[in-house]
Amino acid sequence: MEYIGEIVYLTLAAFLWGFTNPMLKQGGEGIERVKKSNRVFQFLAELNFLVSTGRFMIPFLMNQAGSIVFFLTLRTADLALAVPITNALTFVFTIISGYVILDEKVSKQTFIGMLMVVTGVFCCVIGSRAFAGRVDGPDHPCPNSGGHS
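Remember, it's a predicted structure, so these values are computed and weren't measured experimentally. (Residues numbered from 1 in each chain as written. Predicted model: local features only at pLDDT ≥ 70, side-chain atom pairs only at ≥ 80, totals over all residues. Heavy atoms only, no water.)

**Comments concerning helix α2 (residues 39–51)**
Definition in use: Each helix corresponds to a stretch of at least 4 residues labelled H or I by DSSP, and each strand to a stretch of at least 2 residues labelled E; elements are numbered beginning at the N terminus. To estimate the expected span of a helix, count its residues, drop one, and scale the result by 1.5 Å. Each residue's exposure class comes from its accessible area (1.4 Å probe, protein chains only) as a fraction of the maximum for that residue type: buried when under 20%, exposed when over 50%, partly exposed otherwise. Here the arc refers to the set of directions running from the helix axis out to each C-beta atom. We call two N or O atoms a polar contact when they sit within 3.5 Å, provided that within protein one can donate a hydrogen and the other can accept it, with sequence-adjacent residues counted only if both atoms are side-chain atoms.
A rise of 1.5 Å per residue sets the reference length of α2, with its 13 residues, at 18 Å; its end C-alpha atoms lie 18 Å apart and thus fit the reference within 8%. Looking only at α2, the buried set comprises Gln42, Ala45 and Leu50. One side of α2 carries all its buried residues, which in axial view fall inside an arc of 135°. Those residues of α2 that are exposed and aimed more than 90 degrees away from the buried face are Val40, Phe43, Asn48 and Val51. One side-chain oxygen of the residue at the start of α2 lies 3.0 Å from the amide nitrogen of Val40, identifying that residue as Asn38.

If you want it as structure tokens, here you go:
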């Protein structure tokens, strides 16, 4: 049952990261109008612009909440499964939320790519689940795990 909880938390982290990407893009609109005389002042003025803009800070904090969920889930989750699941689903959630929030068009190729990503994540989950509980080591290597006999 813990395994299912890890998948839920990793999906939540991916959702928080992916869903907030278009909102961060929206919240940062106008930063190009910030102009200062040198690089240091430019950086500080842009930082001030972002920190003082609620349209940016709220999605930024939600995004960081995703990082906290991901970090906490890594305590028990298999890293080889956690990273692909989270990164792949972040891509899918970014595409979906870009369509919903920014009215960005989703091409047929992108849609097919999303289906392939979801299929790949499904294969990772099923494959990892199939070997759950098996010992991987020099005496008992799991197939395709890199263990040597």
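**Some remarks on the packing of helix α1 (residues 2–27) against helix α3 (residues 54–73)**
This is how the line gets drawn: Fitting a line to C-alpha atoms yields each axis, with helices limited to the stretch in contact; the angle taken between N-to-C directions then spans 0 to 180 degrees. Should an angle lie under 35 degrees it is considered roughly parallel, over 145 roughly antiparallel, and from 65 to 115 roughly perpendicular; all remaining angles are considered oblique. Handedness of a helix crossing follows the sense of rotation of the near helix relative to the far helix, less than a right angle counterclockwise being left-handed and clockwise being right-handed.
Where α1 contacts α3, the axes come no closer than 8 Å and their chain directions differ by 160°. Relative to α3, α1 is oriented roughly antiparallel. Note on packing geometry: the crossing formed by α1 with α3 is left-handed.

**Observations concerning the packing of aromatic side chains**
The line we're drawing: Only the six-membered ring of Trp is used, alongside the rings of Phe and Tyr, when aromatic pairs are assigned; centres must lie within 6.5 Å, and planes under 30 degrees apart are stacked while those over 60 apart are edge-to-face, with the rest tilted.
Per the stated rule, a full pass over the model turns up 4 aromatic pairs. Seen in terms of ring centroids, Trp17 and Phe70 are 5.2 Å apart; in terms of plane orientation they differ by 55°. Their pairing is tilted. Of the two residues, Trp17 sits in helix α1 while Phe70 sits in helix α3, which places them 53 residues apart along the sequence. Across this residue pair, the class does not change: Trp17 and Phe70 are buried. Three or more aromatic residues joined by ring pairs form one cluster here, namely Phe15, Phe19 and Phe93.

**So, the layout of surface pockets**
The condition is simple: Using a 1 Å grid laid over the protein atoms alone, points where a 1.4 Å probe fits but cannot get out form a cavity; open sets with protein on both sides within 12 Å along at least 5 of 7 lines form a pocket; any residue with an atom within 4 Å of a point counts as lining. Grid points are joined across faces, edges and corners, and a volume is the space filled by probe spheres set on the points.
Volume-wise, the second largest pocket comes out at about 160 Å³. For the second largest pocket, the full set of lining residues is Glu2, Gly5, Glu6, Tyr9, Val69, Leu72, Thr73, Arg75 and Thr76. Among the secondary structure elements, those contributing two or more residues to the lining of the second largest pocket are α1 and α3. If one sorts the elements of the lining of the second largest pocket by residue count, α1 sits on top with 4 residues.

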